[in-house]
Amino acid sequence: MSNISEYSELVQPTHINTAGTLFGGYMLAWLDLAAAKAATEFLEDTDAWGAVTRALDKVEFKEPVFLGDWVKCKSEIVKTGTTSMVVQVRAYAQSKDHGKRLACTADITFVAVVKDENGSLISFNHNISLNEEK
Ligand SMILES: CC(C)(COP(=O)(O)OP(=O)(O)OC[C@H]1O[C@@H](n2cnc3c(N)ncnc32)[C@H](O)[C@@H]1OP(=O)(O)O)[C@@H](O)C(=O)NCCC(=O)NCCS
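This text gives an overview of the structure that appears in the document. Note that the structure is predicted; figures quoted are calculated from it, not measured. All residue numbers refer to positions counted from 1 along the written sequence of the respective chain. Given that the model is predicted, a residue must reach a pLDDT of at least 70 before its local features are reported, and side-chain atom pairs must reach 80 or more before they are shown or counted; all residues, however, enter totals for whole chains, interfaces and linings.

Digging into the overall build of the protein
Put simply, the rule reads: Working definition: helices are DSSP H or I runs of at least four residues, strands are E runs of at least two. Numbering for both runs from the N terminus. With C-beta atoms placed from the backbone, a residue counts as buried when 20 or more other C-beta atoms lie within 10 Å of its own, as exposed when 12 or fewer do, and as partly exposed for counts between those limits. Contact between two residues is assigned whenever their backbone-derived C-beta positions fall within 7 Å.
A tally of regular secondary structure across the protein gives one helix and six strands. In terms of principal-axis extent, the alpha carbons of the protein reach across some 50 × 35 × 20 Å. Counting all 134 residues of the protein, 28% fall into the buried class. When contacts within the protein are restricted to residue pairs at least 6 apart in sequence, those whose partners lie at least 24 apart make up 71%.

In structure tokens, the structure reads:
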């Protein structure tokens, strides 16, 4: 089990908005995927089926992101509840032309889930506190 995770994307022509920079909706999707990866890895040793996004908080677009930048997301589980986990995501944009900068940040809450008898996802008590994590 780990509370740190990494996820990367390359900004390609289809990601660009009319201002010539990365469309923020793609960045939101990448933050969510990066946090989902962290939450899934964190729950690896539990009976959870997976985790779903419950809330996106404190989303900040700090710097524009350009075509050809690598977006490298560093995620950390910073808080756990009974079924929930708060994942802090920091997205760094990097290229030779523009250097490396902290482009976007968010705190994303995930809820651990299992499938009930009908196949619906219901919340699951993951039973992990951060100080138990190895
Ligand atoms: C996940 C889900 C099954 C849980 O339902 P539930 O059992 O009724 O539980 P709640 O959603 O009320 O609360 C679950 C946890 O989220 C927390 N939570 C609820 N609202 C929150 C908010 N606005 N911000 C942060 N955390 C919140 C609760 O405190 C609880 O945490 P805890 O168990 O650690 O104390 C249900 O909320 C759901 O299906 N949501 C939609 C998920 C989704 O479709 N996501 C997008 C695609 S992945």
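Focus on the site of the ligand
This is how it is decided: Working rule for contacts: place C-beta from the backbone, and if it is within 6 Å of a molecule or strand, that residue counts as near it. Here the nonpolar group is Ala, Val, Leu, Ile, Met, Phe, Trp, Tyr, Cys and Pro; Asp, Glu, Lys and Arg are the charged ones; every other residue, Gly included, is treated as polar.
Near the ligand you find 14 residues, and of these Ala55, Gly81, Thr83, Ser84 and Ser123 are the closest. Sorting the residues of the shell around the ligand by element identifies strand S2 (50-61), strand S5 (99-115) and strand S6 (121-123) as the ones contributing at least two each. No other element matches the four residues that S2 contributes to the shell around the ligand. Of the residues in the shell around the ligand, the class split is six nonpolar, seven polar and one charged.

Section: helix H1 (residues 24-42)
Helical geometry note: an α-helix holds 3.6 residues per turn, so side chains three or four residues apart project in the same direction. Selection criterion: Here, expected helix span is obtained from the residue count minus one, scaled by 1.5 Å.
In this model, H1 (19 residues) spans 27 Å end to end at C-alpha, consistent with the 27 Å of a helix rising 1.5 Å per residue. By the burial criterion, the buried members of H1 are Met27, Trp30, Leu31, Ala34, Ala35, Ala36, Ala38, Ala39 and Phe42. Structurally, H1 contributes buried residues whose contacts are with strand S1 (4-10), S2, strand S3 (70-80), strand S4 (84-95) and S5.

Some points on the pairing of S4
Operational definition: Any two strands with at least two DSSP bridges between them are considered paired.
Strand direction decides the pairing type here: S3 and S4, joined by ten bridges, are antiparallel. Within the sheet, the bridge partner assigned to Thr80 lies in S4 and is Met85. Here S4 runs beside S5; their pairing, made up of twelve bridges, is antiparallel. Opposite Ser95, over in S5, you have Gly99 as the bridge partner. Taken together, S4 and the strand that follows it, S5, pair antiparallel across an intervening segment of three residues.

Concerning the nonpolar core
This is how the line gets drawn: In these notes, a nonpolar core means any group of buried Ala, Val, Leu, Ile, Met, Phe, Trp, Tyr and Cys residues linked to one another through C-beta atoms within 7 Å.
With 31 residues, the main nonpolar core has Leu31, Ala35, Ala39, Val87, Val89, Ala91 and Phe110 as its most contacted residues. Breaking this core down by element, the ones donating at least two residues are H1, S3, S4 and S5. Broken down by element, the residue count for this core peaks at nine residues, all from H1. With near-sequence residues (within four places) excluded, Ala39 lies in contact with Ala51, Met85, Val87 and Phe110.

Notes on the environment of Tyr26
Within the secondary structure, Tyr26 sits in helix H1. Considering only alpha carbons, one finds Tyr26 and Gly81, 55 residues apart in sequence, at a separation of 29 Å.

Focus: unusual backbone geometry
For Lys58, which is not a glycine, the phi torsion comes out positive at approximately 50°. Along the chain, the position of Lys58 falls in strand S2. You can call Lys58 exposed: it has 9 C-beta atoms within 10 Å. Here the phi dihedral of Asn127 falls at roughly 65°; this positive angle occurs in a residue that is not glycine. Here Asn127 lies in the segment after S6. Classification of Asn127 by C-beta neighbours within 10 Å gives partly exposed; the count is 13.

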